[in-house]
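# Summary of structural features
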Amino acid sequence: MFVSDFRKEFYEVVHSQRVLLFVASDVDALCACKILQALFQCDHVQYTLVPVSGWQELETAFLEHKEQIKLLIKQDDDLEVPAYEDIFRDEEEDEEHLGNDSDGSEPSEKRTRLEEEIVERTMRRRQRREWEARRRDILFDYEQYEYHGTSSAMVMFELAWMLSKDLNDMLWWAIVGLTDQWVQDKITQMKYVTDVGVLQRHVSRHNHRNEDEENTLSVDCTRISFEYDLRLALYQHWSLHDSLCNTSYTAARFKLWSVHGQKRLQEFLADMGLPLKQVKQKFQAMDISLKENLREMIEESANKFGMKDMRVQTFSIHFGFKHKFLASDVVFATMSLMESPEKDGSGTDHFIQALDSLSRSNLDKLYHGLELAKKQLRATQQTIASCLCTNLVISQGPFLYCSLMEGTPDVMLFSRPASLSLLSKHLLKSFVCSTKNRRCKLLPLVMAAPLSVEHGTVTVVGIPPETDSSDRKNFFGRAFEKAAESTSSRMLHNHFDLSVIELKAEDRSKFLDALISLLS
């Protein structure tokens, strides 16, 4: 069912019911959930929240609650979608129509009308062929590729805005949801910039204050601001040196896995004129005089070293005067809490912890998430360095392939889908920067990591090519399906992201052979 009026056809239908809310293990989904929770609280809507990490959990949860579920279906007649017959008439009907009209007419009139009918029928045939060709293209694109649209959190915020119930907290969750898409390369840069522009207008509306006494902000208020900030992960909660070393963008451009790359980093810091003592201590402890012009200094030196996109459009939030976070900081922290390798809780516990970290009343959980995120980013860059230095990334013809072996340091951190996907994307960026083979620069990447030694399974993820013109469309979902089907490989397509699968380790070689022949 297509929903054209989100307020009328969705919210007004469910807000008088008890709602069952299924939420995926995804930062954008968590943010959308927080906005819906706030709306439900405003309207006293009863709801049950069920976290689901994949199709199996969704099916199980649905079966558990199916007795209480009432499906609200809108009739297709109301959709005002024209039927095929309303657009094109059959040729037989045209010929019959022509035959009936030709009786009893004068020869000249008959000939003129016949010519007009022939022209009209030819035009209709052409339009029909064009319509069918366009339909085939749309269906092929829809069925063969996987891609992401507007952030779910943004959609929920637009709903809150239409209901005149949008709050600053909801706006921040929408910003984090969009930033999650950007951090994980799910959308194009153009889409990101466009959506940032939409949210920027809401930020101006919600956070505009005059500098008079009546409108001064209280100490414990929430303030959101738009800014061009550095493309460095967690740098305000880390040291500048650690952030430079563990951010995918800078690590790939400097090639920090090599001795030459480390020298280039030292040259970069020297060009900025920053003492190593200052760079290696916590950002908060750096001299204020250095921090004042730090962004401009880094951007100027980055341009000299070929890094033209060192600053990006983003948003930050202040909780009072002490706590400041960039949207990307919250994305990394929430993602790390959700995919935490800690065994002191279940997947549901990690989900609840991640959900709670998005509330300003739980800043201790957010700070804990930041520490986990630092470990994750360090492990990611160490694993990338190991893969590149030991030549684990190999060309299989139509794609690149890399497999993490059991026993690799921190390998369990990458058994979860989002963590492995992020590692794969960062590895592909680094490989493209390091290789001199032009053909390999245009290839997609397939990566595998151990999932369960006990069950003998691996997680496999497919990443589209890393190019400036990339539209972020991923074709691996259908390709994995066909390769497994043709070889009878034991595969589980459980994750909502179709380019992530679970595969029996024993079937890996025949699965890859089928994938190579399929994509060649």
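Everything below is about the structure shown above.
This is a predicted model, so every value here is computed, not measured. (Residues numbered from 1 in each chain as written. Predicted model: local features only at pLDDT ≥ 70, side-chain atom pairs only at ≥ 80, totals over all residues. Heavy atoms only, no water.)

### Some points on unusual backbone geometry
Even without a glycine there, the phi angle at Ser 164 is positive, about 60 degrees. Relative to the assigned elements, Ser 164 resides in the loop between α7 (152–162) and α8 (168–183). Its identity is not glycine, yet Asp 185 carries a phi of approximately 55 degrees, on the positive side. Relative to the elements of secondary structure, Asp 185 occurs in the loop between α8 and α9 (189–207). Given the relative accessible area of 17%, Asp 185 is considered buried. (Helix = DSSP H or I, 4+ residues; strand = E, 2+ residues; numbered from the N terminus. Buried < 20%, exposed > 50% of the residue type's maximum accessible area, 1.4 Å probe, protein only.)

### Topic: the side chain of Ser 421
Here Ser 421 lies in helix α19 (residues 417–434). Residue Ser 421 is classed as buried on the basis of its relative accessible area of 7%. Apart from the residues within four sequence positions on either side, Ser 421 is in contact with Val 461, Ile 463 and Val 500. (Contact = heavy atoms within 4.5 Å.)

### A closer look at the pairing of strand β7 (residues 400–403)
Judged by which residues are buried, β7 turns out to be covered on both faces: Leu 400 and Cys 402 on one side and Tyr 401 and Ser 403 on the other are all buried. Here strand β6 (residues 394–395) runs beside β7; their pairing, made up of two bridges, is antiparallel. Paired with Ser 395 across the strands is Leu 400, a residue of β7. With antiparallel pairing between neighbouring strands as the criterion, β6 and β7 make up a hairpin whose turn holds four residues, including Gly 397 at a positive phi of roughly 105 degrees. Bridge count between β7 and strand β8 (residues 445–452): four bridges; the pairing is parallel. Paired with Ser 403 across the strands is Ala 448, a residue of β8. (Pairing = 2+ DSSP bridges.)

### Considerations on the sheet that holds β6
Two pairing modes exist for strands in a sheet, parallel and antiparallel, and in both the strands are linked by backbone hydrogen bonds. Spatially, the six strands line up as an open sheet ordered β6-β7-β8-β9-β11-β10, and their pairing is mixed. In this open sheet, the two strands that pair with only one neighbour each are β6 and β10 (491–492). Sheet strands in contact with helix α21 (residues 476–487) are β8, β9 (457–463), β10 and β11 (500–504), and its direction is about 135 degrees off that of β9. (Axes fitted to C-alpha atoms, helices over the stretch in contact; angles between N-to-C directions.)

### What to know about the pattern of salt bridges
One pass over the structure, following the stated rule, counts 22 salt bridges. The partner of Glu 371 in a salt bridge is Lys 374, with the nearest N and O atoms 3.1 Å apart. Remark: Lys 374 and Glu 371 occur in helix α18 (residues 363–389); sequence separation between them is three residues, near one turn of the helix. Put simply, Glu 227, Asp 229, Arg 295 and Lys 324 are held in one network by salt bridges that share partners. (Salt bridge = Lys/Arg side-chain N within 4 Å of Asp/Glu carboxyl O.)

### As for the packing of aromatic side chains
In this description, an aromatic ring pair is defined by two values, namely the gap between the centres and the angle between the planes. Evaluated as defined, the whole model comprises 15 aromatic pairs. When the centroid spacing of 5.0 Å and the interplanar angle of 75 degrees are considered together, the rings of Trp 55 and Phe 496 count as edge-to-face. Of the two residues, Trp 55 sits in helix α3 (residues 55–65) while Phe 496 sits in the loop between β10 and β11, which places them 441 residues apart along the sequence. Judged by relative accessible area, which is 44%, Trp 55 ranks as partly exposed. Residue classification places Phe 496 among the partly exposed positions, given a relative accessible area of 27%. Both rings, one in Trp 182 and one in Tyr 192, keep their centres 5.2 Å apart while their planes meet at 20 degrees; by these two values the pair is stacked. Remark: Tyr 192 occurs in helix α9 and Trp 182 occurs in helix α8; sequence separation between them is ten residues. (Phe/Tyr/Trp six-rings, centres within 6.5 Å; stacked < 30°, edge-to-face > 60°.)

### So, the environment of Cys 42
Structurally, Cys 42 can be placed in helix α2 (residues 27–42). Considered as a pair, Cys 42 and Lys 165 are 123 residues apart in the sequence and their alpha carbons are 8.2 Å apart.

### Some points on the side chain of Glu 339
Relative to the helices and strands, Glu 339 is located in the loop between α16 (327–338) and α17 (347–357). We note that Glu 339 is buried and unpaired, the nearest opposite charge coming from Arg 416 at a distance of 4.4 Å. Within the structure, Glu 339 has its side chain in polar contact with the side chain of Ser 419 (distance 2.6 Å). Other than its neighbours up to four places away in sequence, Glu 339 contacts Arg 416, Pro 417, Ala 418 and Ser 419. (Lys, Arg positive; Asp, Glu negative; His and termini not counted. Polar contact = N/O pair within 3.5 Å; in protein donor to acceptor, adjacent residues only side chain to side chain.)

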